Amino acid sequence: MKWGPLIMRRDYPGLKFAECTCFYCKQPFHEDSKDLCLEWDHLNDNDGDNRLENMVWAHAICNEDKKTNFDWKNLAQDKLKENERWADKFDPEREQERGIRFNEGKQTSNEADVSVVIIKHCKQFLSQQLLPHSGNPPKRIEIPMKEAVECVTYLVQEEIGRGSHSAVQRHLESMSCSVAKDYERREVNGKQIIFRRTGQ
Ligand SMILES: [Zn+2]
């Protein structure tokens, strides 16, 4: 599923696309107008934070005006918190989609493909970084979750131009959960660390 339908479901339940209005001024969109066409607005003004929770639909001009309108900035902050709560309650079947980056003009692969690429890189990365003790020479025996998430996200994005930290982290957590065969995860000095399971 693309993000449009998710935004519709979250922000415009029961409405048709043509009935959607700007998050800020609540007026309709006009696709042929430079000022009043629909833009994807980043609620926290961080253009790199492409989580679905951080996106709403706004007029191009309202998106611009918001930079100097503190009431709208406050409105945006509240909406971001509300969206984050919505995402937490989100249908688990669709959990995958939350982590998928919104990537303008680069919809080359669907969400299932992204998931496959993430899993592939998680497996490769862990097996390369955490050699078995019998490995010759053994490399390292542990890797911090944070480092693994950053590296795998980089590798996934290099390959397909999208993929989020949160999606990668979910897969790494699954692969190191208490019943996982190859890896385990422990908290050391407040940090999550991934180990290869011993006895292999
Ligand atoms: Zn507007």
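See the structure printed just above.
Residues numbered from 1 in each chain as written. Predicted model: local features only at pLDDT ≥ 70, side-chain atom pairs only at ≥ 80, totals over all residues. Heavy atoms only, no water.

1. Some points on the pattern of salt bridges
Inspection of the entire model under this criterion finds 14 salt bridges. Notably, a salt bridge pairs R10 with D11, separated by 2.8 Å at the nearest N-O pair. Among the ionic contacts, a cluster of salt bridges with common partners joins R10, D11, K79 and E82. (Salt bridge = Lys/Arg side-chain N within 4 Å of Asp/Glu carboxyl O.)

2. Remarks on the sheet that holds strand β3 (residues 142-144)
As summarised here, the arrangement of the three strands in space is β3-β5-β4, forming an open sheet in which the pairing is antiparallel. The open sheet terminates on both sides in strands that have one partner only, identified here as β3 and β4 (183-188). Averaged over all adjacent pairs, the angle separating strand axes in this sheet is 30°, with direction ignored. Strand direction decides the pairing type here: β3 and strand β5 (residues 191-196), joined by three bridges, are antiparallel. Across the sheet, the residue bridging to I143 is I194, located in β5. (Pairing = 2+ DSSP bridges. Helix = DSSP H or I, 4+ residues; strand = E, 2+ residues; numbered from the N terminus. Axes fitted to C-alpha atoms, helices over the stretch in contact; angles between N-to-C directions.)

3. A short note on unusual backbone geometry
Phi is positive for K26, close to 65°, though the residue is something other than glycine. Inspection of the secondary structure puts K26 in the loop between α1 (3-11) and β1 (38-42). Residue N189 is not a glycine yet carries a positive backbone phi of 50°. By the secondary structure assignment, N189 is in the loop between β4 and β5. Classification of N189 by relative accessible area gives exposed; the value is 77%. (Buried < 20%, exposed > 50% of the residue type's maximum accessible area, 1.4 Å probe, protein only.)

4. Examining the side chain of D49
Mapping D49 onto the fold places it in the loop between β1 and β2 (55-59). Here the side chain of D49 touches R51 through a polar contact of 2.9 Å, side chain to side chain. Contacts of D49, omitting those with residues within four sequence positions, involve H42, N44, N54 and M55. (Polar contact = N/O pair within 3.5 Å; in protein donor to acceptor, adjacent residues only side chain to side chain. Contact = heavy atoms within 4.5 Å.)

5. Re helix α3 (residues 70-88)
In this model α3 runs 27 Å from its N-terminal to its C-terminal C-alpha over 19 residues, within 8% of the 27 Å that 1.5 Å per residue would give. Taken together, the buried positions of α3 are occupied by W72, A76, K79, L80, N83 and A87. Burial along α3 is one-sided: seen end-on, the buried residues are contained in an arc of 110°. Within α3, the exposed residues directed more than 90 degrees away from the buried face are F70, D71, R85 and D88. For α3, the N-terminal capping position is held by N69, with its side-chain oxygen 3.0 Å away from the main-chain nitrogen of D71. (Expected span 1.5 Å × (residues − 1). Arc of directions from axis to C-beta.)

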